[in-house]
Every structure is written in C-alpha cells, then in structure tokens.
Amino acid sequence: MDPRLAPTLREAVARPGPTPRPAAGQTVVLCGHRSAGKSTLLPRVGGLLARRGLDLDTHLEQTHGRPLRKWVAEAPTEFRAAERRALLELPSGTLVAVGGGFLSHHPDALEGMFTLLIPVTFETYRERLLHDRTRPRLRPGLSLEEELSSVFQEREALHARVPTIALVDFLRGCLHLEESP
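Predicted model, so just to flag it, every value in this text is computed and none were measured.

Criteria and thresholds
- Residues numbered from 1 in each chain as written.
- Predicted model: local features only at pLDDT ≥ 70, side-chain atom pairs only at ≥ 80, totals over all residues.
- Heavy atoms only, no water.
- 1 Å grid on protein atoms, 1.4 Å probe; cavity = no way out; pocket = protein on both sides within 12 Å on 5 of 7 lines; lining within 4 Å.
- Points joined across faces, edges and corners; volume = space filled by probe spheres on them.
- Helix = DSSP H or I, 4+ residues; strand = E, 2+ residues; numbered from the N terminus.
- Nonpolar A, V, L, I, M, F, W, Y, C, P; charged D, E, K, R; others polar.
- Pairing = 2+ DSSP bridges.
- Contact = heavy atoms within 4.5 Å.
- Axes fitted to C-alpha atoms, helices over the stretch in contact; angles between N-to-C directions.
- Salt bridge = Lys/Arg side-chain N within 4 Å of Asp/Glu carboxyl O.
- Buried < 20%, exposed > 50% of the residue type's maximum accessible area, 1.4 Å probe, protein only.

Visitor: Looking at this structure, I do not really get the layout of surface pockets. What am I missing?
Guide: Which parts of space are left empty comes out when a probe the size of a water molecule is rolled across the atoms. Estimated volume of the largest pocket: approximately 500 Å³. For the lining of the largest pocket, the secondary structure elements donating two or more residues are helix 2 (38–49), helix 3 (56–64), helix 4 (68–74) and helix 5 (76–89). For the lining of the largest pocket, the class distribution of residues is eight nonpolar, nine polar and 12 charged.

Rendered as structure tokens:
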C-alpha cells in the first residue's frame, strides 16, 4: 500500500459512497502498477473475503520453473501469453494478484471478474522500483528514470480505460459489513 495515499484513503472510506462486493464464486483480481502493493494486500483482502489468495507471478515462476525477471527480458510475448492463460485457467472464485502489466496487456481477460485497482502515486512507484533490482526492466534501451516515467504514464492511461473497482470503494463496503449487526 502506498503510504502517501493512506490518509486520503482513510478519509474516503469514512465518507458515504458505493460499496461494491464480489458475487459468490466471482474471481477477484488485484491489479495495478508494479510495486503498488498487490502482493502485500493479497492476504488482507483474502481475510476480508474469507478466501486464500494466489500471486500469479509466483505461480508462473513455480509452474514454469523460470525466474520472472529473465522470462520477461528474454521472451516477453511468451510470458504475456502464459500469464493470460494462467489467469483464465484458475477456478472461478479465486482471489489472485496479477503482475503490473496484466491490466495493460490483457484487459479483456478480466471481463466478468471483480477487478480491484490498487492505487500508487508516481513518487512511491519510482522510489520502490529504483531500490528493487529484482524486477525485470521493461525498456532497457532507456535510462531507468525514463523507463519508470514512460511506463507509469502509459499504463495510467490504459488503466483508466478498463472497468475496475477502486480500493477505497471496496474497503468502504467491507467496513460497513463489519459494522452491521
């Protein structure tokens, strides 16, 4: 979770607004930028929904025996096809965190799923990715600073076109359920 957004999220959760919840048996997908906190939030969302979560990137590495960093660098098209196939093969009702590029590359694969967008500011995204050398480079021909800026801006525009549920709206719904007698 982006600490820069925590105060704003707390205020927004307290205000009235929509409270979407996934239908029984509906797959719940945590999506957003790289380093947004999807994997960290996965067990917390799982607790709220009483579901076990699956990190799709970890699942792909274990299933295919390939480190994600090398796979994305050496065969990006093959990786994207494998991540799409892996999501679509999961049983209905699964709670899954997808990689940072999933929403941009496979928006149509999310149709009918409860797609929860995890927000992150550019500043937090930048800081986290400058310090995390385990993640694959997406545009090695650019400096890391240029890559981060261009990927973030491009994906923000793509994410805005996909129907998603805002994290704040989902949390508001969970808190109202907890407060109900």
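So much for the structure itself; the text now carries on.
Visitor: Which parts of the structure should I look at to understand the sheet that holds strand 1 (residues 28–31)?
Guide: Whenever strands of a sheet pair, they do so through backbone hydrogen bonds, lying parallel or antiparallel. A sheet is described by the order of its strands in space; here five strands give the open sequence 2-3-1-4-5, paired in parallel fashion. Looking at the sheet topology across the chains shown, the edges are occupied by strand 2 (53–55) and strand 5 (165–166). Inspection of the sheet shows strand 4 (residues 114–117) paired to strand 5 by two bridges, in the parallel sense. Looking at the pairing, Leu 116 lines up with Ile 165 of strand 5. Its contacts with the sheet put helix 2 on strand 1, strand 2, strand 3 (95–97) and strand 4, and the angle it makes with strand 3 is roughly 165°. Seen against the sheet, helix 3 touches strand 2 and strand 3 and runs at an angle of roughly 65° to strand 2.

Visitor: Honestly, the pairing of strand 4 in this entry has me stumped. Any pointers?
Guide: Put simply, side chains in a regular strand alternate between the two faces of the sheet. With four bridges connecting them, strand 1 and strand 4 associate as parallel partners. Bridging from a neighbouring strand, Val 29 pairs with Thr 115 of strand 4.

Visitor: In this structure, what is going on with the pattern of salt bridges? I would like to understand it.
Guide: Note that side chains of opposite charge can pair when their charged atoms are close. Tallying each qualifying case throughout the model produces 11 salt bridges. With a shortest N-O distance of 2.9 Å, Asp 132 and Arg 135 are connected by a salt bridge. According to the relative accessible area criterion, Arg 135 is partly exposed, its value standing at 32%. Residues joined in a network through salt bridges with shared partners are Arg 34, Arg 137 and Glu 147.

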